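Structural overview
The primary structure of each chain is shown beneath.
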Amino acid sequence: MKPEQAQFLERIYKAQFSIMFKHAVGKVQDREIAMDIVQDTFHTAVEKIDILMVHENPEAWLMVVLNNKIMQYYDRKKEEYALLISTEEEACKELGEIDQQLKDIDECKENLLEKVKRILTPEEYGFFERFFIDNASHLALAKEYGITVYGTKKRRERMLAELHKELRKIEREND
């Protein structure tokens, strides 16, 4: 930057800064944002110093740039707000879908458990419930039922095979 350009910028900065700052604060209602916008305006002035120096009214030119920067700020705010709203709407929609899926899963689980209760004997259902619903270990079940761990594994296998066979039969009957 040439010395005369630097002197011109310093002079116009000293003369216009407080006017521009007050104007920006009035428009954006936030001192920090206003400061950023004014600084950005002067950055543009530095980039376009050749145009600014020959302009018939450099103060008016700066105010036009300042107002454009304020408009850009509000445009960005609108875009951010629209994005936030659309993201929130999507999240709510997804939560609604997830909520419905969870309800469907719960309903399906209840229906499945009712079918399992009809298929298994009460003792088998008790074993099923402890293993699959309560997540009891083979060791815990072995102690509860007075059998070996191997015995719990075999009981589980037989029960699952029986359930698989009976549930397939029910499915075929419903088709």
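Here's what I pulled together on the structure shown here. Note that the structure is predicted; figures quoted are calculated from it, not measured.

**Some points on the nonpolar core**
Formed by 21 residues in total, the largest nonpolar core has its most connected members in Val-38, Phe-42, Leu-52, Leu-62 and Leu-66. Of all the secondary-structure elements, those providing two or more residues to this core are helix H1 (3–28), helix H2 (31–47), helix H3 (49–54) and helix H4 (58–119). Element by element, the count of residues in this core is highest for H1, at eight residues. For Leu-62, the residues in contact, after removing those within four places along its chain, are Ile-12, Gln-16, Met-20, Thr-41, Phe-42, Ala-45 and Leu-52. Among the nonpolar cores identified, the runner-up in size contains eleven residues, and Val-116, Tyr-125, Met-159 and Leu-163 belong to it.

**Details of the packing of aromatic side chains**
Taken as a whole and assessed by the stated rule, the structure comprises eight aromatic pairs. Ring centres of Tyr-13 and Phe-17 lie 5.2 Å apart, and the angle between their planes is 35°; on these two criteria the pair is classed as tilted. Separated by four residues within a single helix, Tyr-13 and Phe-17 lie in helix H1, roughly one turn from each other. Since its relative accessible area comes to 32%, Tyr-13 is described here as partly exposed. We classify Phe-17 as buried; its relative accessible area is 17%. For the pair Phe-127 and Tyr-145, a centre-to-centre distance of 5.4 Å together with 70° between the ring planes defines the contact as edge-to-face. A residue pair is termed long-range when its members are at least 10 positions apart, and Phe-127 in helix H5 (residues 122–133) and Tyr-145 in helix H6 (residues 138–145) qualify at 18 residues.

**Points about the pattern of salt bridges**
Close approach of charged atoms lets side chains of opposite charge pair. For the structure shown, the criterion picks out eight salt bridges. Residue Lys-165 pairs with Glu-162 through a salt bridge whose shortest N-O separation is 3.8 Å. Note that Lys-165 and Glu-162 are positioned in helix H7 (residues 149–174) at a spacing of three residues, about one turn of the helix. Residues joined in a network through salt bridges with shared partners are Arg-130, Asp-134 and Glu-144.

Cut-offs used in this document
Residues numbered from 1 in each chain as written. Predicted model: local features only at pLDDT ≥ 70, side-chain atom pairs only at ≥ 80, totals over all residues. Heavy atoms only, no water. Core = buried A, V, L, I, M, F, W, Y, C linked by side-chain atoms within 4.5 Å. Buried < 20%, exposed > 50% of the residue type's maximum accessible area, 1.4 Å probe, protein only. Helix = DSSP H or I, 4+ residues; strand = E, 2+ residues; numbered from the N terminus. Contact = heavy atoms within 4.5 Å. Phe/Tyr/Trp six-rings, centres within 6.5 Å; stacked < 30°, edge-to-face > 60°. Salt bridge = Lys/Arg side-chain N within 4 Å of Asp/Glu carboxyl O.

These results come straight from atomic positions and should not be treated as a statement about function.
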